Amino acid sequence: MAENELINKGLTELRALGAEIEKVVKTASDEAKEGWQKLQPHLQQAEKMAATKANEIAQEVGESTGEFISDVRGRLEALRARIRDEKKG
């Protein structure tokens, strides 16, 4: 499984667990509510970290794809020029 998929899967699981806890903590003990309040910033931090990492991965993929496209374009343009020269000659 790719790194981005692992991040997305983990983040989805965290969000689902957080949503589940948020629903039930309303009727839980004060200690549980306090624990949830302490954990909420960590969930938000995990979401920010995941978004940052996903952007980094997308940028890396975009850069390598852009380089590949540029290389292929150059080769195609060179071939086109060679074919045009052959037709002239």
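Before reading further, recall that the structure is shown in the block above.
Figured I'd write up the structure that's included with this text. As the structure is a prediction and not an experimental result, all values here were calculated from the model. (Residues numbered from 1 in each chain as written. Predicted model: local features only at pLDDT ≥ 70, side-chain atom pairs only at ≥ 80, totals over all residues. Heavy atoms only, no water.)

Helix and strand counts for the protein chain come out as two helices and zero strands. Against the 2.2 N^0.38 benchmark of 12 Å for 89 residues, the protein chain shows a C-alpha radius of gyration of 25 Å, more extended than a compact globule. Burial status across the protein chain gives 9% buried among its 89 residues. With an accessible surface of roughly 7,500 Å², the protein chain has 54% of that area assigned to carbon and sulfur atoms. If you average the places of the 15 positive and of the 17 negative side-chain charges in the protein chain, the two averages end up 8 Å apart. (Helix = DSSP H or I, 4+ residues; strand = E, 2+ residues; numbered from the N terminus. Rg over C-alpha atoms; globule rule 2.2 N^0.38 Å. Buried < 20%, exposed > 50% of the residue type's maximum accessible area, 1.4 Å probe, protein only. Areas by Shrake-Rupley, 256 points an atom, 1.4 Å probe, with all protein chains shown as cover. Lys, Arg positive; Asp, Glu negative; His and termini not counted. Charge placed at Lys NZ, Arg CZ, Asp CG, Glu CD.)

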